[in-house]
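One-letter residues, chain by chain:
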Amino acid sequence: MKRDLPHRYELDDETSRIDREVVHRFISEESYWGFRREREVMDGLIERAARNVGLYAPNGALVGYSRTVDAPDAWLVYLADVFVLPEHRGRGLGLDLVRFTVEEGPYAQRRWILHTKDAHGLYKQFGFEELRR
């Protein structure tokens, strides 16, 4: 499933198109949640994902990513490893990426969960709520 975005960006859930090196570099070097994650671990997570969504720049380079983990017996799906590279932020691309992942595609009618320390405003637009402790 593909979707064109303004300024010739594109969303695509074709796993074979995912640039695993870009995903691994960002997750293992720049993210707080997967810092130092090994490449083999990341490759396995991509392979086992229910859905991988890539965000692509006009030149075809991967500039954003999200991973969906399915828990079919619980009717839940988990949103993981969401990022947009810093140089492509501020254009609403993160919003488009999450919308495409959560609201468009095979898991749109499921209940979604995620764990995050940031971007609560973004996720709230899609019905995610902060846990009250």
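Right, let's walk through the structure included here. If you're wondering where the values come from, they're calculated on a predicted model, not measured in any experiment. Residue numbering note: each chain is counted from 1, following its sequence as written. Only residues with pLDDT of at least 70 get local features here, since the model is predicted, and only at 80 or more are side-chain atom pairs given and counted; chain-wide, interface and lining totals rely on the full set of residues. Note that the side-chain values use all heavy atoms of the structure and ignore hydrogens as well as water.

**Looking at the packing of aromatic side chains**
Aromatic ring pairs are described here by two measures, namely the spacing of the ring centres and the angle between the planes.
Consideration 1: Note on ring pairs: Phe, Tyr and Trp rings are taken, using the six-membered ring of Trp, and paired if centres are within 6.5 Å. Classes follow the plane angle, with under 30 degrees stacked, over 60 edge-to-face and the rest tilted. For the coordinates displayed, the defined rule picks out four aromatic pairs.
Consideration 2: Ring centres 6.2 Å apart and planes at 40 degrees place the aromatic pair Tyr65 and Phe83 in the tilted group. Within this pair, whereas Tyr65 is found in strand 4 (residues 62–71), its partner Phe83 is found in strand 5 (residues 76–84), the two being separated by 18 residues in sequence.
Consideration 3: Using a 1.4 Å probe on the protein chains alone, a residue whose accessible area is under 20% of its type maximum counts as buried, one over 50% counts as exposed, and one in between counts as partly exposed. A relative accessible area of 3% means that Phe83 is categorised as buried.
Consideration 4: Taken together, the ring pairs in this structure connect Phe26, Tyr32, Trp33, Tyr65 and Phe83 into an aromatic cluster. Labels follow the DSSP assignment, with helices taken as runs of H or I lasting at least four residues and strands as runs of E lasting at least two, numbered in each case from the N terminus.

**Details of the side chain of Arg110**
Consideration 1: Relative to the helices and strands, Arg110 resides in the loop between helix 3 (93–103) and strand 6 (111–113).
Consideration 2: Residue Arg110 is classed as buried on the basis of its relative accessible area, which comes to 13%.
Consideration 3: Reaching out from Arg110, the side chain makes a polar contact with the side chain of Asp70 at a distance of 2.5 Å.
Consideration 4: Any pair of residues with heavy atoms lying within 4.5 Å of one another is described as a contacting pair. In contact with Arg110, other than residues within four places in its own chain, are Asp70, Ala71, Pro72, Trp75, Leu76 and Val77. Polar contacts here mean pairs of N or O atoms no more than 3.5 Å apart (in protein, one a potential hydrogen donor and the other a potential acceptor; neighbouring residues in sequence count only if both atoms are side-chain atoms).

**Details of the sheet that holds strand 5**
Hydrogen bonding along the main chain pairs the strands of a sheet, whether they run parallel or antiparallel.
Consideration 1: Reading across the sheet, the six strands line up as 1-2-3-4-5-6 and stay open at both edges, with mixed pairing between neighbours. Of all the strands in the sheet, the pair left with one neighbour each is strand 1 (2–4) and strand 6. Across the sheet, the mean angle separating the axes of adjacent strands is 20 degrees when strand polarity is ignored.
Consideration 2: Pairing analysis gives six bridges linking strand 3 (residues 51–56) to strand 4, with the strands arranged antiparallel. Counterpart to Tyr56 in the pairing with strand 4 is Leu62.
Consideration 3: Think of each axis as a best-fit line through the C-alpha atoms, taken over the contacting stretch in the case of a helix, with angles from 0 to 180 degrees between the N-to-C directions. Along the sheet, helix 1 (residues 20–29) contacts strand 4 and strand 5; its crossing angle with strand 5, the most-contacted strand, is approximately 90 degrees.
Consideration 4: Set on the sheet, helix 3 makes contact with strand 1, strand 2 (10–12), strand 3, strand 4, strand 5 and strand 6; between it and strand 5 the angle comes to about 155 degrees. What makes two strands pair is DSSP finding at least two bridges between them.

**Re helix 1**
Within an α-helix, residues lying three or four positions from one another point in the same direction, as the helix has 3.6 residues per turn.
Consideration 1: Burial analysis of helix 1 places seven of its 10 residues in the buried class, the great majority of the element.
Consideration 2: Three or more residues of helix 1 are buried, namely Arg20, Val22, Val23, His24, Phe26, Ile27 and Ser28.
Consideration 3: Among the structural elements, helix 2 (39–48), strand 4 and strand 5 are those in contact with the buried residues of helix 1.
Consideration 4: Measuring from the side-chain oxygen of the N-cap residue of helix 1 to the backbone nitrogen of Glu21 gives 3.1 Å; that N-cap residue is Asp19.

**Re helix 3**
Consideration 1: Looking only at helix 3, the buried set comprises Leu93, Asp96, Leu97, Val98, Phe100, Thr101 and Val102.
Consideration 2: Directly after helix 3, the chain includes Gly105, whose backbone phi takes a positive value near 125 degrees.

**Describing the pattern of salt bridges**
Consideration 1: Salt bridges are defined as contacts in which a side-chain nitrogen from Lys or Arg sits within 4 Å of a carboxyl oxygen from Asp or Glu. Under the defined criterion, the tally for this structure stands at 15 salt bridges.
Consideration 2: A salt bridge links Asp96 to Arg3; the nearest nitrogen and oxygen atoms lie 3.8 Å apart. Pair noted here: Asp96 is in helix 3 and Arg3 is in strand 1, with a separation of 93 residues, a long-range link.
Consideration 3: Residue Glu21 is joined to Arg39 by a salt bridge in which the shortest nitrogen-to-oxygen separation is 2.7 Å. Taken as a pair, Glu21 in helix 1 and Arg39 in helix 2 lie far apart in primary sequence, 18 residues in all.

So far we have only geometry, and geometry alone does not tell us how the molecule works.
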